[in-house]
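A structural walkthrough
Each chain is listed here by its residues.
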Amino acid sequence: MLPRILRVTVTVIVATVLISCPCEALAATKVQEANRLTTQFVRQTMAEQRIPGLQVAVIKDGQVVLSECHGFANVENRVPVTPDTLFPINSATKSFTGVAVMQLAQGGLVDLEAPASRYLDDLPAAWRGIRVHQLLGHTSGLPDIVGPDGLIGGGTERDAWTAVKALPLDAPVGERFAYNQTNFGLLAQIIVKQTKMPYERYLADHQFAVVGMPLTTFGDSYDLVPNAATIYSHSPRGTLAPNDNARMSRWIYDMPYSLWAGGGIQTTATELSRWLIALSNGRLINQDHLQRMWTPEKLNNGTEGAWAAGWSVLQAAPPRQVAGIGGARAAFVVYPDEGLAIVLLTNLAGANPQRFIPRIAEFYRPAQPTPKH
């Protein structure tokens, strides 16, 4: 039985006291109603999906208009989610890596059109023609360093890199979209090579510190991370327990150090909101590189792939939708043409918040006029 859902309202920015004109009052009232509907919908969804805990934040026109915490960070000890609870965002980390590479491109340290072999001199011959932008958009054709049971190679991270480099390409370079972790492991190596500092240090100095993310860090289930949410699952474990199909259990995930660029960040909805606002207003990269980062990667035949530079493209045509999605439990979706972004971090594997974020987005859109008959 899921414990009673706790709700902690952190920040709701609606300047009703200072309203001085009817149109502003109407806008504020709309936001208040959208916030109410969001809270109601989130609590209902938590109950239906048995989500132990989450953080939700909504950004509208460069301001956080809703930031809430619900439920438990740790169920067995009844530890509530607070604004400081860290949630792993797993593959949504790739969006941060996309920003990092764009920062280096803007600074002249990386050419997106250059082959990765310009920066990495130990690549197999078949890999040397792969362009940096093809790593970012998952069109490289590379084999995946992660298999169904974790790292391939049967040993250490070093063994896994040796094993993947011995494999043939899965597809001709640029021929098709195929999501994998090898791409972002190589991008981390490029960042290290060109900045002469560890990947995590580069992000800490050039993104976290810039926008105000003091709590954000790296790690997985095996790392001792203060204030980290415990991750849960409702997946059957294959035991003989009579309640095997229904009981909640801990979900253990492994994120090796060399793949942190593809899935290692732990953060909060508050700090993610600061990052998204800074990204949109040009504090991290300029508008030209921002647009390039959110433009879908093209395949050899001219069609668009499913990803841009580190971001999943949910809708390429206006109104655009780009997202960071990770671990089937964390997501943030940006609607650049609508001045809207939504962050939803949960501690349930399989919650898939990217599936219900669009419902929240509807609450903050202008009401459609009633058709005249």
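So, here's what we can say about the structure. On a predicted model such as this, the values are computed, not experimentally measured, just so you know. (Residues numbered from 1 in each chain as written. Predicted model: local features only at pLDDT ≥ 70, side-chain atom pairs only at ≥ 80, totals over all residues. Heavy atoms only, no water.)

1. Re the side chain of Thr38
- Its place among the elements puts Thr38 in helix H1 (residues 22-49).
- Beyond its immediate chain neighbours, meaning those up to four positions away, Thr38 contacts Leu66, Ile360, Phe363 and Tyr364. (Helix = DSSP H or I, 4+ residues; strand = E, 2+ residues; numbered from the N terminus. Contact = heavy atoms within 4.5 Å.)

2. Looking at the side chain of Glu297
- Note on placement: Glu297 falls in the loop between helix H9 (287-293) and strand S12 (312-315).
- Buried charge without a salt bridge: Glu297, with Arg292 as the nearest opposite-charge side chain at an N-O distance of 4.2 Å.
- For Glu297, the contacting residues outside a window of four places in its chain are His133, Gln134, Gly137, Thr139, Arg292, Thr303, Glu304, Gly305, Trp307 and Ala308. (Buried < 20%, exposed > 50% of the residue type's maximum accessible area, 1.4 Å probe, protein only. Lys, Arg positive; Asp, Glu negative; His and termini not counted. Salt bridge = Lys/Arg side-chain N within 4 Å of Asp/Glu carboxyl O.)

3. Some details on the packing of aromatic side chains
- According to the stated counting rule, one finds 14 aromatic pairs in the structure shown.
- Ring centres of Phe208 and Phe218 lie 6.1 Å apart, and the angle between their planes is 35°; this geometry places the pair in the tilted category. Highlighted residues: Phe208 in helix H6 (residues 199-211) and Phe218 in strand S8 (residues 217-218), separated in sequence by 10 residues. Phe218 shares its class with Phe208; the two are buried.
- Here Trp275 and Phe332 contribute two aromatic rings whose centre-to-centre distance is 5.9 Å and whose plane-to-plane angle is 70°, an arrangement assigned as edge-to-face. Of this pair, Trp275 sits in helix H8 (residues 269-280) while Phe332 sits in strand S14 (residues 330-335); the two residues are 57 residues apart in sequence, bridging distant segments of the chain. An identical accessibility class is assigned to Trp275 and Phe332; each is buried.
- An aromatic cluster is defined as three or more aromatic residues linked by ring pairs; in this entry it consists of Phe96, Tyr199, Phe208, Phe218, Tyr257, Trp260, Trp275, Trp294, Trp311 and Phe332.
- The cationic tip of Lys94 hangs over the ring face of Phe184; the distance from NZ or CZ to the ring centre is 5.6 Å.
- Over the ring of Tyr253 we find Arg329, and its NZ or CZ is 4.9 Å from the ring centre. (Phe/Tyr/Trp six-rings, centres within 6.5 Å; stacked < 30°, edge-to-face > 60°. Lys NZ or Arg CZ within 6 Å of the ring centre and 35° of its normal.)

4. Overview of the environment of Leu66
- Take Leu66: it is sitting in strand S3 (residues 63-74).
- Its relative accessible area of 1% is what places Leu66 among the buried residues.
- Each C-alpha atom, one on Leu66 and one on Ile130, is 42 Å from the other, the two residues being 64 residues apart in sequence.

5. Considerations on the pattern of salt bridges
- Per the counting criterion, the structure on display carries 9 salt bridges.
- Measuring nitrogen to oxygen at the nearest pair gives 2.5 Å for the salt bridge that ties Glu76 to Arg250. Placement of the pair is Glu76 in the loop between S3 and strand S4 (79-80) and Arg250 in strand S10 (residues 249-250), with a sequence separation of 174 residues.
- Of the charged contacts, one joins Arg365 and Glu338 as a salt bridge, the two residues approaching to 2.5 Å between their closest N and O atoms. Placement of the pair is Arg365 in the segment after helix H10 (357-363) and Glu338 in the loop between S14 and strand S15 (340-346), with a sequence separation of 27 residues.
- Bridged by salt links that share partners, the residues Glu338, Glu362 and Arg365 form one connected network.

6. Concerning the nonpolar core
- Within the largest apolar cluster, 76 residues are counted, with the highest numbers of intra-cluster contacts made by Trp275, Leu279, Met293 and Trp311.
- Among the elements that line this core, the one with the most residues is helix H2 (residues 93-106), at 7 residues.
- Excluding residues within four positions of it along the chain, Trp275 makes contact with Ser95, Phe96, Val99, Gln207, Val211, Met213, Leu284, Trp311 and Phe332.
- Judged by nonpolar contacts, the second largest core, of 26 residues, contains Val56, Val58, Ala331 and Tyr364. (Core = buried A, V, L, I, M, F, W, Y, C linked by side-chain atoms within 4.5 Å.)

7. What about the sheet that holds strand S5 (residues 87-88)?
- Strand order in the open sheet formed by 3 strands is S5-S11-S8, with antiparallel pairing between adjacent strands. Each edge of the open sheet is held by one strand with a lone partner, namely S5 and S8.
- Here S5 runs beside strand S11 (residues 265-267); their pairing, made up of 2 bridges, is antiparallel. Bridge pairing links Phe87 to Thr267 in S11. (Pairing = 2+ DSSP bridges.)

8. Quick look at the pairing of S14
- The buried fraction of S14 is high, at 6 of 6 residues.
- What you see with S14 is no split at all: Ala330, Phe332 and Val334 on one side and Ala331, Val333 and Tyr335 on the other are buried throughout.
- Where strand S13 (residues 321-326) hands over to S14, the hairpin turn is made up of 3 residues, of which Gly327 adopts a positive phi near 65°.
- Hairpin connection of S14 to S15: 4 residues between the antiparallel strands, including Gly339 at a positive phi of 60°.

9. Side note on H6
- With 13 residues, H6 ought to run about 18 Å at 1.5 Å a step, and its terminal C-alpha atoms sit 18 Å apart, in line with that.
- Within H6 the residues assigned to the buried category are Tyr199, Tyr202, Leu203, Gln207, Phe208 and Val211.
- Phi turns positive, to about 90°, at Gly212, one or two residues after H6. (Expected span 1.5 Å × (residues − 1).)

10. Thoughts on unusual backbone geometry
- Note the cis peptide between Pro318 and Pro319, where omega equals -5°.
- The backbone of Asn90 shows a phi angle near 45°, a positive value even though the residue is not glycine.
- Residue position: Asn90 is located in the loop between S5 and H2.
- The class for Asn90 is buried, based on a relative accessible area of 6%.

11. Digging into the pairing of S13
- Summarising burial for S13: 5 of the 6 residues are buried, a large majority.
- As paired elements, S12 and S13 share 3 bridges and run antiparallel to each other. When the bridges of S13 are listed, Val313 appears paired with Val322.
- From the end of S12 to the start of S13, which pair antiparallel, there are 5 residues.
- For S13 and S14, the ladder comprises 5 bridges, and the chain directions are antiparallel. When the sheet's bridge partners are listed, Gly324 is paired in S14 with Phe332.

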